[in-house]
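# Coordinate inspection notes
Listed here are the chains, written in short residue letters.
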Amino acid sequence: MRLKNAMEQTMRKSNGINRRGFITGAICTLASLMGGVFATSVSTYLLGNPQAEDTGWADAGDISDLQPGAPQQVSFSRSREDGWRLQNERATAWVVIDDHMDVTAFSPRCTHLGCAYHWQANRKEFVCPCHGSVFGEDGHVVSGPADRPLDRYAVKVDADRLWLGPIERAKNS
Ligand code: FES
């Protein structure tokens, strides 16, 4: 009889732990989903409407202000067509100038779900805080969930001015 009571108590305890573990896991999963949705919405608000189309080239500043080597974030103004509306908006790009002075400008949106990523100098990688995608300095995917390299702006340099055109979508890795 005593053995049976002890077994019942043990089973009740383990059920309690499993239930508690399940509820904790469900709450963590829900919180992380809500965090992802929130971060995506905030970045859409801050980075502009992804459906709007670029109308041409935008002056992104004096190229001599940028140092070759580590990526630098530049902000500039550009016009975009959103349906029938022409809107001026602030935009950003991550610009990399290599030793040969070749210029690459990455779209500031992560290719997973569009969050803003940042350059982490000590790792020499671009890191997205939303779901942890990591990209190399040349934009390739180091680790997912993103499955495409970073998208790039069309780039031209004219009389020391850096001009950024439409964003060109990168193909899957
Ligand atoms: S938006 Fe999901 S990893 Fe960047």
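Residues numbered from 1 in each chain as written. Predicted model: local features only at pLDDT ≥ 70, side-chain atom pairs only at ≥ 80, totals over all residues.

## Overview of the nonpolar core
Core analysis: the largest hydrophobic core is formed by 23 residues, its most contacted members being A93, V95, A105, C110 and L164. Where this core is concerned, the elements lending two or more residues are β2 (58–62), β4 (85–97), β5 (103–106) and β11 (161–168). Among the elements that take part in this core, β4 stands out by supplying five residues, more than any other. Setting aside anything within four residues of it in sequence, one finds A93 in contact with A60, V74, A105, F106, S107, P108, Y153 and L164. (Core = buried A, V, L, I, M, F, W, Y, C linked by C-beta atoms within 7 Å. Buried ≥ 20, exposed ≤ 12 C-beta atoms within 10 Å, placed from the backbone. Helix = DSSP H or I, 4+ residues; strand = E, 2+ residues; numbered from the N terminus. Contact = placed C-beta atoms within 7 Å.)

## Things to note about the sheet that holds strand β8 (residues 134–135)
Read from one edge to the other, the open sheet built from four strands follows the order β6-β7-β8-β9, with strand pairing classed as antiparallel. Edge strands, defined here as strands with exactly one partner in the open sheet, are β6 (118–120) and β9 (141–143). Across two bridges, the pairing between strand β7 (residues 125–127) and β8 is antiparallel. Paired with F126 across the strands is F135, a residue of β8. (Pairing = 2+ DSSP bridges.)

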